[in-house]
Amino acid sequence: MDKQNVAINHSILASILRVIKHSHCSAHQFYWGLALRTVERGFETLPFVICFYWLTTELKDTTSVPEGNPPGDSFFTLLFLLLAIFIGQLFFAYKGQKQSFMGSYRIMASYRERIIARIRCLPLAQLYQYRAGHLSDILIDDIKKIESIFTHIAADLFAAAMLPLMLFSGLLWFDWQLALSLVAGLPLALWTLNSARNYFVHIGQRKQEKFSDTAGMLVEFVSGIKTLRLFNRADVWLCKLKQRFDEIKDLSLGVEIWGAGPVVAYRFILESGLIILLLLCAVRLDSADANITWLLFFLLAHKLLGPLLEMAEYITVLRLAAQSEARVQNLFSGTLLTEPEQGISPENFDVHFDNVCFSYDSKPALLNMSFTASQNSVTAIVGPSGSGKSTLMNLLARFYDPQSGAIYLGGHDLRAVGTEHLYENVSMVFQQVQLYDSTIMQNVKIGKVEAADEEVINACKAANCHDFIVALPQGYQTQVGEAGMRLSGGERQRLSIARALLKDAPVLLLDEATASVDCDSQYELQRALSKLVENRTVIMIAHRLSTVRHASQILVLDKGELVQQGTHPDLLSQKGLYSQLWLSQRSKLVQ
Amino acid sequence: MESKTNNKSWKMLWRLTSEHRFKIFIALLLTAVAAICEMIPYWVIFQAINAILQSPIDPAARFYELSIWLAIALLLKTGLYAVAYALSHKAAYSILLDTRKTLVTHLAWAPLSWLQSRHSGQLKQSVLQDVENVENVIAHHTVEVFAALFGPLVVTSYLFWIDWRLALAALITAPLAIMTSALFMRNTGQQYDQFSAASAALESAMVEYIRNMPVVKIFRQDATNFQTMRQRLEDYYGVVRELTTKTIPGWSLFSSLLAASVFFILPLGTWLHANSYVSIQQVLMVIVLGSGMLKPLLKVSRFLMEINEVMAGLRRLEPVFKIETQQKTNKLNFKNPIKMEFDNTGFSYPNQTNNGTIKNFNLILKPGSFNVLLGPSGAGKSTIAQLSGGLLEPESGTIRLNNVSLQALSQQQRSTLIAIATQEVFLFQGSIKENLRLARPDATEQEIKRAVKAAQAETLISSLSNGYDTLITEQGVNLSGGERQRIAIARALLANTPILVLDEASAALDSITQQAFYQDVKTLYPDKTILMITHRAYGIESADQIVIMDKGNTKDIGKHSELLTRNSFYKRLWQQQSECESWSIGISNLQLKELVDG
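Residues numbered from 1 in each chain as written. Chains lettered and ligands numbered in written order. Predicted model: local features only at pLDDT ≥ 70, side-chain atom pairs only at ≥ 80, totals over all residues. Heavy atoms only, no water.

Q: I would appreciate a short explanation of the overall build of chain A in the present structure.
A: In terms of regular secondary structure, chain A is built from 22 helices and 10 strands. In summary, chain A has a C-alpha radius of gyration of 36 Å against a globular reference of 25 Å for 591 residues, an excess of more than 25%. Counting only C-alpha atoms and orienting by the principal axes, one finds that chain A spans roughly 120 × 50 × 50 Å. When burial is assessed residue by residue, chain A has 57% of its 591 residues classed as buried. Pairs at least 24 apart in sequence give 79% of the contacts found in chain A among residues at least 6 apart. Per element, the accessible surface of chain A, about 24500 Å² overall, is 56% carbon and sulfur. (Helix = DSSP H or I, 4+ residues; strand = E, 2+ residues; numbered from the N terminus. Rg over C-alpha atoms; globule rule 2.2 N^0.38 Å. Buried < 20%, exposed > 50% of the residue type's maximum accessible area, 1.4 Å probe, protein only. Contact = heavy atoms within 4.5 Å. Areas by Shrake-Rupley, 256 points an atom, 1.4 Å probe, with all protein chains shown as cover.)

Q: Explanation requested: the domain arrangement of chain B in the structure shown.
A: Many analyses report the size of an interface as the accessible area lost when the parts associate. Along its sequence, chain B is organised into domain 1 (15-162 + 300-321) and domain 2 (340-570). Domain 1 of chain B and domain 2 of chain B are separated by 56 Å when their C-alpha centres are compared. (Domains from an automatic or database assignment.)

Q: Looking at this model, I keep getting lost on the interface of chain B and chain A. Mind explaining?
A: Of the residues lining the interface, 159 residues belong to chain B; the matching set on chain A comes to 155 residues. Each partner contributes to the roughly 14800 Å² buried at the junction of chain B and chain A, and carbon and sulfur atoms together form 67% of this total. Linking Arg220 of chain B and Glu420 of chain A is a salt bridge whose minimum nitrogen-to-oxygen distance equals 3.6 Å. Seen at the junction of chain B and chain A, the total is 23 residue pairs in polar contact (both at pLDDT 80 or more). At 23 residues, helix H4 (residues 59-108) of chain B tops the list of elements feeding residues into the side of chain B that touches chain A. Tallied by class, the residues present in the side of chain B that touches chain A amount to 86 nonpolar, 45 polar and 28 charged. (Buried area = accessible area lost by both parts, 1.4 Å probe. Salt bridge = Lys/Arg side-chain N within 4 Å of Asp/Glu carboxyl O. Polar contact = N/O pair within 3.5 Å; in protein donor to acceptor, adjacent residues only side chain to side chain. Nonpolar A, V, L, I, M, F, W, Y, C, P; charged D, E, K, R; others polar.)

Q: Help me out: how do you make sense of the sheet that holds strand S12 (residues 553-558) of chain B in this one?
A: Across a sheet, paired strands are connected by hydrogen bonds in the backbone, their directions being either parallel or antiparallel. All names here are of chain B. As summarised here, the arrangement of the six strands in space is S6-S9-S10-S3-S11-S12, forming an open sheet in which the pairing is mixed. Since the sheet does not close on itself, it has two edges, and those belong to strand S6 (418-422) and S12, each with one partner. Strand-to-strand, the axes of this sheet are offset by a mean angle of 15°, without reference to chain direction. The sheet contact formed by strand S11 (residues 545-550) and S12 spans five bridges and is antiparallel. (Pairing = 2+ DSSP bridges. Axes fitted to C-alpha atoms, helices over the stretch in contact; angles between N-to-C directions.)

Q: What exactly am I supposed to notice about the pattern of salt bridges here?
A: Close approach of charged atoms allows side chains with opposite charge to pair. A complete count under the given rule lists 36 salt bridges over all chains for this structure. A salt bridge links Arg112 of chain A to Glu147 of chain A, with the shortest nitrogen-to-oxygen separation between them at 3.4 Å. Placement of the pair is Arg112 of chain A in helix H4 (residues 73-121) and Glu147 of chain A in helix H6 (residues 132-174), with a sequence separation of 35 residues. When sorted by exposure, Arg112 of chain A lands in the same class as Glu147 of chain A, which is buried. A salt bridge links Asp343 of chain B to Arg400 of chain B; its shortest N-O distance comes to 3.1 Å. Of the two residues, Asp343 of chain B sits in strand S1 (residues 340-347) while Arg400 of chain B sits in strand S4 (residues 396-401), which places them 57 residues apart along the sequence. Through salt bridges with shared partners, a single ionic network connects Arg37, Glu40 and Asp156 of chain A.

Q: Could you clarify how one ought to interpret unusual backbone geometry in this entry?
A: Most peptide bonds take the trans configuration, and most residues that are not glycine carry a negative phi. All names here are of chain A. Within the chain, His24 stands out as a residue other than glycine whose phi angle is a positive 50°. In this fold, His24 is placed in the loop between helix H2 (10-23) and helix H3 (28-60). For His24, a relative accessible area of 56% puts it in the exposed group. The phi angle at Asn535 is positive, at roughly 55°, despite the residue not being glycine. The topology assignment puts Asn535 in the loop between helix H20 (522-533) and strand S8 (537-541).

Now the structure itself:
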């Protein structure tokens, strides 16, 4: 029985063990709690053993029952024994609960800590890729479910499984045939439960997918409601949403059928063991007399079957939690960026791409990219949408590592330089590098943590954001991010320019699109940018070719390949993509 | 006070069940019958014990008969519970469905200011998770809690039928358990609140940790961030450990007492039997039945714990239910050409500085005219756009289309008259074509092409790998701000309305593209009345009227040449603009000056 159980709960058990393994902490206390809880359940059966003992002695001398006896010594022994058992049970219940709760909190605290440490090491691109909500769903809802296994279910379930096992072994000793007949339904019951598992998991996943899909749609609906109303299309979206809700209802009922149906069948089959017990008794009675030990079976039948019946409900909950664990496990299984033991602080800031290739999944995004940007020069990257401009920048910012080839900073491979030293020397003004939940002051200061407030203010003045900041209700102390003020795109970008100014790193990665959006005073902004690029190695994505006429070199990208390279006049004189782009940007005027 | 808010939530839950109460009632009825059926196996065991102890004439036949009774009872019980659960689940999921549908319908009509004060993630959580939690209450708890209360009642009556003294012994632990819970667990409500607060604090810390990770990592502050998070984790487990230590003694006593009937039944039973008041089989029966009788009550107490969370979720839904969903469906007759007129329009945002406030704003947009609204940020330009789109309603004065107030129009009709494109572009997940067709599902290929051409998005779309069918998704094409704006402008043009308001809709386009757009839109849509809200002056030389706005009011109205001579703001704008145009990365500000002057 035990063996089969283990096989059936394989994935659940594997999940539990994986959590313990990842937590890197001793599960002793937890196991100790399980043992104590089992002893508690053992104590629970003792009154029944006593009862049976009383019964046998009572029936042996049934002929000589003295009438109207006052309670004798044996009665007080009984009272004393029962009291001792109750106190023992209470003691083990208390100890067991305490140890199992504390032990599981210890495991979970450690497990959670490992996860937040893991998140810290995820490649940035992966962090950006996770939908904001998706990752927090995993880290909040899924972990909550896992925690509930440890705190509320595991100990109950374990003790519930051990009790029948103990009773069963005892009963086997009394009468193995009757003992077996009582649990005769178990194999079939477990088989039923198990064979429905795949359907349950399958439909459960489908519901989960529909759920997160609908969640995405809801967020989209809420954020786009203004647009929808302006075009009077809110009704269409409502219809779509309502249809999803209908589908969720059908899937939910499916989940319930595949979840509860087998449990109902399991319970029915298992309880049928009682029928088999009665039938076996009947068969035996055909040829022989009844035996008093049979009474023991009737007394304990429900004690033995009860916990087994309860287990089925736990198993459904556990399976859901195991699915949650699997999602968390994905976080542990992805690859991390390799970090050197000791990073290298580069002495010069030439940037060099050597045969770099990169593809998303299997879609190539950069092919054999090779170029050098020497220190304190301005390199502009131009090309149509999807030509690989952002990928190039993301690789340089080490949001990913290239799949082949290498990127060098001051002659050292970025992987050897290490994230720490890379980010020490590189500033980014990107769309993705946004603000975090804190005050404006803190957000700019993060560029240089030790900076004085005046320095921050000066940087903000230079980046032309001082004026809008002081106009905010709490000035520099205004909270930004999700919880706080909503800043416009342009305001955010000017803040990140201020941050870069303050940080004063020798290498600057710049996305021009970001810097030109909503340029309420583009004039000032451009001056800030001009200041920012002075005496730095600048790599910049350009959308308007006119803004990079004076770049030291321009890289022209097309479909992930470097197709042209040179200065503006060089490239104009060549027949190629650059001159085409230049002409198309200019010719719009003379249509 | 708490009971009052809880009361409200219960009322809300009751309201939600309105259409499905009959199903739930039947489910409860079946549960009651099933609970009685659950007694039969015990009765069978009782009879079996009888048969063994009293050795009837044909014990084997008796056992065969009993096994048949048992089979019938099990089948009946299983069947009844299955139907009861099916009904309660059907009812529950129908209730969830109705609730969700109602919620999104309300959301669709939520005032924008209301929406802006809420996070879309929270609303999503409410519509999905908070509603989902209700399922457990309706589908499981109605049946289980009812069975847990009704079951012991049936058992108790049966026990009294066997012997009243033994029945009392079986019940005696109940008041003890209740006393324990009253004594040890009177603070559970408070402790639960403490736990929820700690848990909510941890959750928001986690969300913040994840969201901030990229930024703090780039600025090498992740070590500090990690330490803070670790501290919060420790705080949480500190609270949890403290609460656990407090609750475990009471809880273990409570749960032990609920299962402790046997400790009373057994001694009393032996004594009663010794004095021949009861038979052995009666004692045994009471032990079998009575020892586990009160355990279902654990379910009731678990339910009482869970219900708090469900009720909190329901409270979060309340404001959504309160949103009004009235909508006008009237249709008024309009004859082209349409003149739009702001008449002494005023509006101010609550609790805010004067930013965006407008007062006594007057402007006439002649049919087919090209109008430009210029001014510094905070002048109230975007307020004008939002008022035109009906997203805000004027506090004073009116906005009229051919002498009909805009407020008298239904959303449906307004959207056929005025289209608006704003700076913040919202594109839905789907293909580019689907996004364009949002404006008009029945637009022909030709119309789409024309709109795309005017919006200067022709080459952009043809350069994408799948052209019009390219998917705009989170993981899909990475369109720049300017590219997204061009799609949005094309969408607004496609709506085919006589009036088009562009609120900084081309702010991310470079000056050349912007100028080309102005030219093309005039050639391709000559009859359209256009209100262009902008802070830049490129390509507006040919505008029919240019309005200079500041501090919520018009400061000057005129044509390009007039304003260039008389308006200092306008003059400075042009001057700076030409410098911006000549700017390029890598040249110093000094060089730039020479370049412009020379």
